[in-house]
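Structural overview
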Amino acid sequence: TLPTRFPFLLITPQYNVEQALEKRATAAGVRIVRDAEVTGLRQDADGVELTVDGGALRADYAVGADGVNSSVRGALGLPFPGRSVLKSIMLADVRLAHPPADTLMVNAVGDAFAFVAPFGDGWYRVFAWDRRHQMPDTAPVTLDEIRDVTRHALRTDLGIQEARWLSRFHSDERQAPHYRVFLAGDAAHVHSPAGGQGMNTGLQDAANLGWKLAAAAQGWAPDGLLDSYESERHPVGRLVLRSSGAIIRMAMVKSRAGRLARNVLGGTALRLPPVAHKAAGTISGIGIDYPGAPRAADVALMDSRRLYEVLRDGRYVLLAPDSARAQLDGSHDHVVPASPADADMPWTLVRPDAHVAWRGGPATLGAALRQAGLSRRP
């Protein structure tokens, strides 16, 4: 029911996403420096200076996207309030002798839960947690432990045969009070893995902040644009903490009566289309809107392309008839005109992060462009 050409859950190892992003970044001329440690940060009116492996690196802006133990957040002295929710969560990528019939298999029995999902290449990701056997993150994970918890929660261990990766971690719910310094991804917010919302949330942080930083660095950002990163993304981080926390707390219900109520009431609610649509939109990230800037649909264009293909250029896209090109007259640096296949679609200005900046008609286009700070060449 999601408003997308891809209305499904894609389960893939994180390194596949990382490889795609690295390929994109490298093609854009980015230089990636590996195994470098940031040990200090100093700001002044002209920019920021990082201490990296004992040397100095100066830039106009720095973004702390360095995870839950963010060095950048620590150097800025920002608190990271919150608490630990679950300890000793086990992860494993395994092969199964008896794969489940359904794509996803999940169950919670009060003192344990297990989740099994396929990667599509013969390997399966298992999440497992056992209230009866809480161990520190450093304790090794064994296949026998995974089998035992999976059997307890699912009534079968699915014939777990081998593992290519095993890990144990604890899950926190934390959020930095400010993002404007700048923080993104797990450096700004952490939460339980329930619903698989972490990667989408971090990528959307980056999409929101990236084009705004580019506008500031290039000198055409209107006043307040960088401030809007925090005002738009901080509430989203708070929403994800709430939604993932609600899922994990429902999974941890101890009493039989509580689990029965959870299953009956939750199952009934999710059969209601408005509830199901809201839940799917929140967990997938597709339903995330900002005040005055809803997410743009991936509309078809007259030239057989899609809006999202045009957005890869990193500029605003004006969806309007071919006649609108005359109003742009080639003088707007950061706007790409595109004609939607639906001739009745209202004129729409789409931000580089696929959110709508304006809808209207020819009479108000100029004001919309000025408000967005979209510059004119001399």
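Basis of the calculations
- Residues numbered from 1 in each chain as written.
- Predicted model: local features only at pLDDT ≥ 70, side-chain atom pairs only at ≥ 80, totals over all residues.
- Heavy atoms only, no water.
- pLDDT = per-residue confidence, 0-100.
- Helix = DSSP H or I, 4+ residues; strand = E, 2+ residues; numbered from the N terminus.
- Pairing = 2+ DSSP bridges.
- Core = buried A, V, L, I, M, F, W, Y, C linked by side-chain atoms within 4.5 Å.
- Buried < 20%, exposed > 50% of the residue type's maximum accessible area, 1.4 Å probe, protein only.
- Contact = heavy atoms within 4.5 Å.
- Salt bridge = Lys/Arg side-chain N within 4 Å of Asp/Glu carboxyl O.

With respect to the confidence of the model for the chain
Close inspection of predicted coordinates is inappropriate for parts of the model with low pLDDT. Considering every residue of the chain, the mean pLDDT works out to 90; 98% of them sit at 70 or more. Per-element confidence in the chain ranges from a low mean pLDDT of 76 for helix α9 (residues 325–328) to a high of 96 for strand β12 (residues 347–350).

Overview of the sheet that holds strand β6 (residues 112–118)
Read from one edge of the open sheet, six strands run β5-β6-β7-β4-β8-β9, paired in antiparallel fashion. Looking at which strands have only one partner, the edges of the open sheet turn out to be β5 (105–108) and β9 (189–190). Where strand β8 (residues 160–175) meets β9, two bridges bridge the pair, whose relative direction is antiparallel. Bridge pairing in β9 links Arg 174 to Val 190.

Topic: the nonpolar core
If you look at the biggest cluster of nonpolar residues, it comprises 19 residues, and the most contacted ones within it are Met 90, Val 94, Leu 96, Val 116, Val 126, Ile 146 and Ile 160. Elements with a minimum of two residues in this core: β4 (82–96), β6, β7 (124–130) and α3 (143–154). No other element matches α3, which puts five residues into this core. Every residue in contact with Val 126, bar those within four places of it in the chain, is listed here: Met 90, Leu 91, Ala 92, Val 94, Phe 115, Val 116, Ile 146 and Thr 150. Ranked by size, the runner-up nonpolar core spans 18 residues in total, among them Trp 220, Tyr 316, Ala 320 and Ala 372.

Observations concerning the pattern of salt bridges
A side chain with one charge can pair with a side chain of the opposite charge if their charged atoms come near. The final tally for this structure, using the stated rule, is 24 salt bridges. The shortest N-O distance in the salt bridge between Asp 144 and Arg 147 comes to 2.8 Å. Of the two residues, Asp 144 and Arg 147 both sit in helix α3, three residues apart, roughly one turn of that helix. Taking the relative accessible area as the measure of exposure, Asp 144 reaches 55% and is therefore exposed. When salt bridges that share partners are traced, they join Arg 42, Asp 44, Glu 49 and Arg 58 into one network.

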